[in-house]
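A closer look at the structure
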Amino acid sequence: AKFASSVAGFYNKKHVMSEISNAFDYDHSSLIKNEAGINGRMASVGVQFAYGVDHFNSYYVHNQMTDAENRQLTDYIARVGYLLGQGKRVPKVALFYPIESIWENTFPSLTLNPQGFNPEAVKMSENVKEIALKLVENQVDFDYMGTEQLLQTTISGHKMVTPSGGEFTTLILPISTKPDP
């Protein structure tokens, strides 16, 4: 969600949409239903709102919630969306995402398990994640910024300015390494 809202913000797009569903409400390894329930669904939407998503397309199966739960979820989305829609996200912190450095240290893996990847790539990825979570923990709004976006910014005084007029006063550079020759 944060990646999508970061790109939308950089290019001055007004909305960010997310598809919500109970696709992950199952432990697929054992096929045991692990339904999040109405509170889990609202929490999932709330986290996405916090990360800049403001439109939701629901794929929840209508008969898996009661009418009251359906009403509670849609009212929650409408109310939070209305309240947040009265303001504008203006993050002043950019977190550089060194995807090219991660690519340089990555060979195709046969698994999504981090143990199947180069330790340097995992180290860089984990460092970005740790920084992002620390920013969230301290309620500091931020946007991810990749190399392409960084190259499109200009410096004006002590600010990085995006082509759409966004301004960042802080750029955080996580660990980034080069592979051994």
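For the structure itself, look to the data block above.
Okay, so let's go over this structure. In this text, all values refer to a predicted model and were calculated from it rather than measured experimentally. All residue numbers refer to position in the chain's written sequence, counted from 1. The predicted origin of the model limits local features to residues at a pLDDT of at least 70 and limits the giving and counting of side-chain atom pairs to 80 or more, whereas totals for whole chains, interfaces and linings rest on all residues. Only hydrogens and water are removed before side-chain values are computed, so all heavy atoms of the structure are retained for them.

Cavities and pockets are defined on a 1 Å grid built over the protein atoms alone: a cavity is a set of grid points where a 1.4 Å probe fits but cannot escape, while a pocket is an open set with protein on both sides within 12 Å along at least five of seven lines, and lining residues are those with an atom within 4 Å of any such point. Grid points are joined across faces, edges and corners, and a volume is the space filled by probe spheres set on the points. Counted as a void, the largest pocket has a volume near 960 Å³. As for the largest pocket, its lining consists of 38 residues, of which Lys-14, Gly-87, Lys-88, Arg-89 and Val-90 are closest to the centre. A run of H or I in DSSP becomes a helix once it reaches four residues, and a run of E becomes a strand once it reaches two; helices and strands are each numbered from the N terminus. Secondary-structure elements contributing two or more residues to the lining of the largest pocket are helix H1 (2-10), helix H2 (37-50), helix H3 (67-85), strand E6 (142-145) and strand E9 (167-168). Amino acids outside the nonpolar list (Ala, Val, Leu, Ile, Met, Phe, Trp, Tyr, Cys, Pro) and the charged list (Asp, Glu, Lys, Arg) are all regarded as polar, and Gly is one of them. Per-class residue counts for the lining of the largest pocket are 14 nonpolar, 14 polar and ten charged. Taken as a whole, the second largest pocket spans an internal volume of roughly 210 Å³. Looking at the second largest pocket, it is lined by 14 residues, and the ones nearest its centre are Phe-3, Val-128, Lys-129, Ala-132 and Tyr-144. Those elements that provide at least two residues to the lining of the second largest pocket are H1, helix H5 (119-137) and E6. A total of seven residues in the lining of the second largest pocket trace back to one element, the largest contributor, which is H5.

Each Phe, Tyr or Trp ring, with Trp reduced to its six-membered ring, pairs with another whose centre is within 6.5 Å; inter-plane angles below 30 degrees give stacked pairs, above 60 give edge-to-face pairs, and intermediate values give tilted ones. Within the structure shown, the criterion is met by six aromatic pairs. When the centroid spacing of 5.0 Å and the interplanar angle of 75° are considered together, the rings of Phe-10 and Tyr-11 count as edge-to-face. Taking relative accessible area as the criterion, Phe-10 reaches 6% and is therefore assigned buried. Placement of a charge over a ring requires the Lys NZ or Arg CZ to be within 6 Å of the ring centre, with the centre-to-atom vector within 35 degrees of the ring normal. Above the plane of the ring of Phe-142 lies Lys-2, whose end atom (NZ or CZ) is 4.9 Å from the centre. For every residue, the accessible area (1.4 Å probe, protein chains only) is compared with the maximum for its type, and the residue is labelled buried under 20%, exposed over 50%, or partly exposed between those bounds.

Turning our eyes to something else, we now look at the packing of H2 against H3. For the pair H2 and H3, interaxial distance at closest approach is 10 Å and the crossing angle is 15°. Classified by the angle between their axes, H2 and H3 sit roughly parallel to one another. Note on packing geometry: the crossing formed by H2 with H3 is right-handed. Where H2 abuts H3, its residues Ile-38, Arg-41, Met-42, Val-45, Gly-46 and Phe-49 lie against Glu-69, Gln-72, Leu-73, Tyr-76, Ile-77, Val-80, Gly-81 and Leu-84. Tallied by class, residues from the contact of H2 with H3 come to nine nonpolar, three polar and two charged. Axis definition: a line fitted to C-alpha atoms, limited for helices to the stretch in contact. Angles are taken between N-to-C directions and run from 0 to 180 degrees. By the definition adopted for this analysis, an angle is roughly parallel if under 35 degrees, roughly antiparallel if over 145, roughly perpendicular if from 65 to 115, and oblique otherwise. Crossing handedness: left-handed means the near helix sits turned counterclockwise from the far one by under a right angle, and right-handed means the same turn made clockwise. Contact between two residues is taken to exist if any of their heavy atoms lie within 4.5 Å; hydrogens are not considered.

What follows is about the nonpolar core. Ranked by size, the top nonpolar core spans 13 residues in total, and within it Ile-20, Val-45, Phe-56, Leu-73 and Ile-77 carry the most contacts. Only H2 and H3 provide two or more residues apiece to this core. Looking at this core element by element, the count peaks at four residues for H2. Core analysis: the next-biggest nonpolar cluster, separate from the first, contains eight residues, Val-128, Ala-132, Leu-135 and Phe-142 among them. Take the buried Ala, Val, Leu, Ile, Met, Phe, Trp, Tyr and Cys residues and link them wherever side-chain atoms come within 4.5 Å; each set so joined is a nonpolar core.

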